[in-house]
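Letter by letter, the chains look like this.
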Amino acid sequence: MTRKPGAPMPAKLRALIHSTAGHPARQVACPHCHAPAGKPCQLRTTGRLLPEPHPKRISAWAQQTACCPHCQVEPGTPCHDEHRPRTTVHTRR
């Protein structure tokens, strides 16, 4: 049994479908497993792809895109606790 290929898809539509799949944190590279932007995170030992991004990747994405309501820092600036830097962002960010 052979299968007929589907109708051709416009490049704009294909990009829209692929860009909305998965967590929005995939827009940035993962600092934990070094997965490039747009690719899913993977286990460093086995290379198995993960359905959800690592917490450090989510933190990096939040830091690049959102202002923090807790410590009032601008996008791109790391969160802090009374002028002591944090390794992750505040939960509300």
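Residues numbered from 1 in each chain as written. Predicted model: local features only at pLDDT ≥ 70, side-chain atom pairs only at ≥ 80, totals over all residues. Heavy atoms only, no water.

The next point concerns the side chain of His54. When you line up the elements, His54 lands in the loop between α1 (11-20) and α2 (55-65). Residue class for His54 comes out buried when judged on its relative accessible area of 12%. In this structure, His54 is in contact with Cys30, His32, Cys33, Cys41 and Gln42, ignoring residues within four places of it in sequence. (Helix = DSSP H or I, 4+ residues; strand = E, 2+ residues; numbered from the N terminus. Buried < 20%, exposed > 50% of the residue type's maximum accessible area, 1.4 Å probe, protein only. Contact = heavy atoms within 4.5 Å.)

This part takes up the pattern of salt bridges. According to the stated counting rule, one finds 1 salt bridge in the structure shown. Note that Asp81 and Arg86 form a salt bridge whose closest N and O atoms lie 3.1 Å from each other. Judged by relative accessible area, which is 27%, Arg86 ranks as partly exposed. (Salt bridge = Lys/Arg side-chain N within 4 Å of Asp/Glu carboxyl O.)

One finds Ala62, Cys68, Cys71, Val73, Cys79 and Val89 forming the largest nonpolar core, which totals 6 residues. Sequence-distant contacts of Cys79, that is, excluding residues within four places in its chain, are made with Cys68, Cys71, Val73, Pro85, Arg86, Thr88, Val89, His90 and Arg93. Core analysis: the second largest hydrophobic core is formed by 5 residues, Cys30, Cys33, Ala35 and Cys41 among them. (Core = buried A, V, L, I, M, F, W, Y, C linked by side-chain atoms within 4.5 Å.)

A word on unusual backbone geometry. With phi around 55°, Gln72 is a residue other than glycine that occupies positive phi space. Positioned with a positive phi, Glu82 is a non-glycine residue whose angle comes to about 50°. By the secondary structure assignment, Glu82 is in the loop between β1 (80-81) and β2 (84-85). Accessibility expressed as a relative area gives 70% for Glu82, which makes it exposed.

Attention now goes to the environment of Cys30. The residue Cys30 is located in the loop between α1 and α2 in this model. Residues Cys30 and Ser59 lie 29 residues apart in sequence; the distance between their C-alpha atoms is 9.7 Å. Apart from residues no more than four positions distant in its own chain, Cys30 is found in contact with Ala35, Cys41, His54 and Arg57.

This part is about the confidence of the model for the protein. Mean pLDDT over the protein: 82, with 84% of residues reaching 70 or higher. Of all secondary-structure elements in the protein, the lowest mean pLDDT belongs to α1, at 64, while α2 reaches the highest, 89. (pLDDT = per-residue confidence, 0-100.)

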